[in-house]
Amino acid sequence: MSAILYPVAASAEEALAQPRGRAARELEASRLAAAPVTFVTEATGPAFATREAALDAYPGKLDDARPGRGVQVAPEDRYCTLAERMEGAAPPKPVEPSFADGRRWPKPPQARGHPVFRLTISYWKLTSATDTDLPPDQARAMRRRSEAAELNAAQLRALQSQPLRPVKPQQPLDVGLFEFPAPEAPHILIPDE
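Residues numbered from 1 in each chain as written. Predicted model: local features only at pLDDT ≥ 70, side-chain atom pairs only at ≥ 80, totals over all residues. Heavy atoms only, no water.

Trainee: Would you mind going over the pairing of strand β5 (residues 114-126) with me for this structure?
Mentor: Remark: a regular strand shows side chains that alternate across the two faces of the sheet. Pairing geometry for strand β1 (residues 6-9) and β5, over 2 bridges, is parallel. Looking across to β5, one finds that Val8 is bridged to Trp124. In this sheet, β5 lies alongside strand β4 (residues 80-87) in antiparallel orientation, the contact comprising 8 bridges. Within β5, the position partnered with Arg85 by the bridge is Val116. (Pairing = 2+ DSSP bridges. Helix = DSSP H or I, 4+ residues; strand = E, 2+ residues; numbered from the N terminus.)

Trainee: Help me understand the environment of Arg118, please; the structure alone is not making it clear to me.
Mentor: Residue placement: Arg118 occurs in strand β5. For Arg118, a relative accessible area of 24% puts it in the partly exposed group. In this structure the C-alpha to C-alpha distance between Arg118 and Glu42, which are 76 residues apart in sequence, comes to 9.9 Å. A distance of 2.9 Å separates the side chain of Arg118 from the backbone oxygen of Gly45, its partner in a polar contact. (Buried < 20%, exposed > 50% of the residue type's maximum accessible area, 1.4 Å probe, protein only. Polar contact = N/O pair within 3.5 Å; in protein donor to acceptor, adjacent residues only side chain to side chain.)

Trainee: Looking at this structure, how should I read the pattern of salt bridges?
Mentor: Applying the stated criterion across every chain, the model contains 6 salt bridges. Between Asp77 and Arg22 there is a salt bridge, and its shortest N-O distance comes to 2.6 Å. Of this pair, Asp77 sits in the loop between α3 (51-57) and β4 while Arg22 sits in strand β2 (residues 21-23); the two residues are 55 residues apart in sequence, bridging distant segments of the chain. Residue Asp77 is classed as partly exposed on the basis of its relative accessible area of 26%. Since its relative accessible area comes to 31%, Arg22 is described here as partly exposed. Of the charged contacts in the structure, one is a salt bridge between Arg66 and Asp64, with a shortest N-O distance of 2.8 Å. Assigned by exposure class, Arg66 and Asp64 land together as buried. Among the charged side chains, a network of salt bridges with common partners joins Asp56, Asp64 and Arg66. (Salt bridge = Lys/Arg side-chain N within 4 Å of Asp/Glu carboxyl O.)

Trainee: Before we go on, may I ask you to explain the environment of Gly88 in this structure?
Mentor: Checked against the element boundaries, Gly88 lands in the loop between β4 and β5. Once the C-alpha coordinates of Gly88 and Val116 are considered, the two residues, 28 residues apart in sequence, prove to be 9.8 Å apart.

Trainee: Before we go on, may I ask you to explain a nonpolar patch on the surface in this structure?
Mentor: A cluster of nonpolar side chains, contributed by Phe180, Ile188 and Ile190, occupies part of the molecular surface with about 230 Å² of accessible area. Note that Phe180 resides in strand β6 (residues 179-181). (Patch = residues over 30% accessible without salt bridge, like charges linked within 9 Å, V, L, I, M, F, W, Y side chains within 5 Å. Areas by Shrake-Rupley, 256 points an atom, 1.4 Å probe, with all protein chains shown as cover.)

Trainee: Explain the packing of aromatic side chains here, please?
Mentor: To describe a pair of aromatic rings, one takes the distance between the centres and the angle between the planes. In the structure shown here, the tally under the stated rule is 3 aromatic pairs. Relative to Phe39, the ring of Tyr6 lies with its centre 4.8 Å away and its plane at 80 degrees, an arrangement referred to as edge-to-face. With Tyr6 in strand β1 and Phe39 in strand β3 (residues 37-48), the pair connects residues that are 33 residues apart, well separated along the chain. On the numbers, 5.1 Å between centres and 65 degrees between planes, the contact of Phe39 with Trp124 is edge-to-face. Of the two residues, Phe39 is situated in strand β3 and Trp124 in strand β5; the sequence distance between them amounts to 85 residues. Residue Trp124 is classed as buried on the basis of its relative accessible area, which comes to 8%. (Phe/Tyr/Trp six-rings, centres within 6.5 Å; stacked < 30°, edge-to-face > 60°.)

Below, the structure written as structure tokens:
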């Protein structure tokens, strides 16, 4: 099984047209670019009204199972996908609960948008040193500090996507009110009724 070779580029358009190279892993990508990289998935190109129009616009980039076409992309070239999105629809407004006709909630309004298809590309994006500088604290500690107002959008996204870390090690479980340790095995708790 071969790995997907993702393009290395500064933007989605560059990754689609002429990447600086292709790599499966972050270390390979940063060596090719001679700069730090991050893995991103971005939409690029125009929006198409039908799936067929999008497939016709990007021949050889996507799997095409239509009769007479039969294009299947090689496993290492599967970094592009078609994404269907609703366009033109206003975000739904919150509805107030009301008890009418035997129902607690009214029916939500129908979305009045239309589906469009856009090409999304996954690639290794070049990042500058200022984009990768993260504050040392977690988001919950950083939001209380005055330096939080000076963070740029990339730093805020990085704070949002980092995993939560415990502030201190988890304490061992306490023996509850209705359980006690077994005399012959104190590590086992026995429920008491």
